[in-house]
Amino acid sequence: MTLGPNPGGNRPVGTQQPGVVPERPASTTLASYPRYVEAQRLVDYLSDNGFDVSGVRIIGRGLHSVEQVLTRMTKGRAAAMGAASGAWFGLLIGFLLSLFTPAPIWQPLLLAIVLGALWGALLGFLSQSATRGQRDFASTSRLEADVYDVEVDADKAAEAADIAGRLKIRDGQS
């Protein structure tokens with residue numbers, strides 16, 4: 001690590017000040033894919049073949065949010081899910097308590113699991129009731145892109161293209 005005169009004092013040369021976003025170096029698009037897993041496969045192939053992947057980026061273009069509805073959420077279901085979460089939390093707390101009590105290990109565990117489940121059920125029921133029917137479903141969301149570009153620093157583009165070409169040949173693509 002080289003230390004030298006820079007505005008940050010004794011910060012290694014080439015590192016950025018906090019809050020300063022470095023500029024993206026000149027790059028070349030190596031390939032574009034409709035799915036992230038395909039772009040990830042190319043980067044993994046480059047890495048497996050000894051290419052320095054620190055100058056590779058996967059860039060999603062045309063981002064959009066996808067919310068997948070999982071199930072209808074009723075007060076009963078919210079209470080049951082809260083009870084399950086509370087029981088797990090109670091198990092953790094009960095285990096910690098059992099380390100410091102002279103009672104048999106199962107007593108603090110059982111007490112903490114039961115109390116955790118009761119509190120979790122109550123909080124789950126109350127939180128679902130508080131929505132007043134405005135969100136009676138459970139869902140998960142994620143970001144997706146229309147296309148995923150694999151970019152590589154311009155100075156290493158030829159080497160990366162050569163390695164990527166071997167992947168296409170191996171897969172029978174032209």
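### Remarks on the overall build of the protein chain
So, point 1. For the protein chain, the helix and strand inventory stands at four helices and five strands.
So, point 2. Put simply, of all contacts in the protein chain between residues at least 6 apart along the chain, 76% involve residues at least 24 apart.
So, point 3. When the accessible area of the protein chain is evaluated, it comes to approximately 12000 Å², of which 61% is carbon and sulfur surface.

### What to know about the side chain of arginine 57
So, point 1. Position of arginine 57 among the secondary structure elements: in strand E2 (residues 56-61).
So, point 2. Judged by its relative accessible area of 18%, arginine 57 falls in the buried class.
So, point 3. A polar contact of 3.4 Å, which involves the side chain of arginine 57, links it to the backbone oxygen of glycine 55.
So, point 4. Apart from residues lying up to four places away in sequence, arginine 57 is in contact with Arg24, Pro25, Ser27, Asp149, Val150, Glu151, Val152 and Asp153.

### Some points on the sheet that holds strand E1 (residues 27-33)
So, point 1. In space, the three strands of this open sheet follow the order E1-E5-E2, with antiparallel pairing throughout. Only two strands of the sheet have a single neighbouring strand rather than two, namely E1 and E2. Averaged over neighbouring strand pairs, the angle between their axes works out to 30° when direction is ignored.
So, point 2. Relative to strand E5 (residues 147-153), E2 runs antiparallel, the two being bridged by six bridges. Paired with isoleucine 59 across the strands is aspartate 149, a residue of E5.

### Some remarks on the nonpolar core
So, point 1. Counting residues in each nonpolar core, the largest one holds 19 residues, and the members touching the most others are Leu30, Leu42, Leu46, Phe51, Val56 and Val150.
So, point 2. Mapped by element, the contributors of at least two residues to this core are E1, helix H1 (36-48), E5 and helix H4 (157-170).
So, point 3. For leucine 42, the contacting residues outside a window of four places in its chain are Leu30, Ala31, Tyr33, Val150, Ala164 and Leu167.

### Quick word on the packing of aromatic side chains
So, point 1. A full pass over the atoms with the stated rule returns one aromatic pair.
So, point 2. Ring centres 5.6 Å apart and planes at 75° place the aromatic pair tyrosine 36 and tyrosine 148 in the edge-to-face group. Here the residue tyrosine 36 occupies a position in helix H1, and tyrosine 148 occupies one in strand E5, the gap between them amounting to 112 residues.

### Quick look at helix H2 (residues 75-98)
So, point 1. Its 24 residues place the ends of H2 33 Å apart at the C-alpha level, agreeing with the 34 Å of an ideal helix rising 1.5 Å per residue.
So, point 2. Among all positions in H2, only Ala78, Ala79, Gly82, Ala83, Gly86, Gly90, Gly94 and Ser98 are buried.
So, point 3. Residues of H2 that are buried sit in contact with helix H3 (106-130).

### Structural notes on the packing of H2 against H3
So, point 1. Two elements in contact, H2 and H3, have axes whose closest approach is 5 Å; the angle formed by their N-to-C orientations is 150°. By the criterion of interaxial angle, the relationship of H2 to H3 is roughly antiparallel. Considering only the axes of H2 and H3, their crossing is right-handed.
So, point 2. In terms of residue class, the contact of H2 with H3 is built from 15 nonpolar, 10 polar and one charged.

### Here we look at the pattern of salt bridges
So, point 1. Enumeration according to the criterion identifies six salt bridges in this entry.
So, point 2. Notably, a salt bridge pairs arginine 166 with aspartate 162, separated by 3.6 Å at the nearest N-O pair. Highlighted residues: arginine 166 and aspartate 162, both in helix H4, separated by four residues, approximately one helical turn.
So, point 3. A relative accessible area of 39% means that arginine 166 is categorised as partly exposed.

Parameters at a glance
- Here the residue numbering is sequential within each chain, running from 1 through the sequence in written order.
- Local features in this predicted model are restricted to residues of pLDDT 70 or higher, and side-chain atom pairs are both shown and tallied only at a pLDDT of 80 or more, whereas totals for entire chains, interfaces and linings draw on every residue.
- Only hydrogens and water are set aside when side-chain values are computed; all heavy atoms of the structure are taken into account.
- Numbering of helices and strands starts at the N terminus; helices are DSSP runs of H or I of at least 4 residues and strands are runs of E of at least 2.
- We call two residues in contact when some of their heavy atoms are within 4.5 Å.
- What sets the accessible areas is the Shrake-Rupley method with a 1.4 Å probe; for residues, cover comes only from the shown protein chains.
- With a 1.4 Å probe rolled over the protein chains alone, any residue whose accessible area is under 20% of its type maximum counts as buried; one over 50% counts as exposed, and the rest are partly exposed.
- Pairs of N or O atoms are called polar contacts if they sit within 3.5 Å, as long as, within protein, a hydrogen donor faces a hydrogen acceptor (for residues adjacent in sequence, only side-chain-to-side-chain pairs).
- Strand pairing is defined by DSSP finding a minimum of two bridges between the two strands.
- Every axis corresponds to a line fitted to the C-alpha atoms, with the helix fit spanning only the stretch in contact, and the corresponding angles, defined between N-to-C directions, vary from 0 to 180 degrees.
- In this text, buried Ala, Val, Leu, Ile, Met, Phe, Trp, Tyr and Cys residues form a nonpolar core when linked through side-chain atoms within 4.5 Å.
- Note on ring pairs: Phe, Tyr and Trp rings are taken, using the six-membered ring of Trp, and paired if centres are within 6.5 Å. Classes follow the plane angle, with under 30 degrees stacked, over 60 edge-to-face and the rest tilted.
- The span you would expect from a helix comes to 1.5 Å times its residue count less one.
- For this classification, under 35 degrees means roughly parallel, over 145 means roughly antiparallel, 65 to 115 means roughly perpendicular, and everything else is oblique.
- Each helix crossing is assigned a hand: it is left-handed if the near helix lies turned anticlockwise from the far helix by less than a right angle, otherwise right-handed if that turn is clockwise.
- Charged means Asp, Glu, Lys or Arg here, nonpolar means Ala, Val, Leu, Ile, Met, Phe, Trp, Tyr, Cys or Pro, and polar covers whatever is left, Gly included.
- Any carboxyl oxygen of Asp or Glu within 4 Å of a side-chain nitrogen of Lys or Arg constitutes a salt bridge here.

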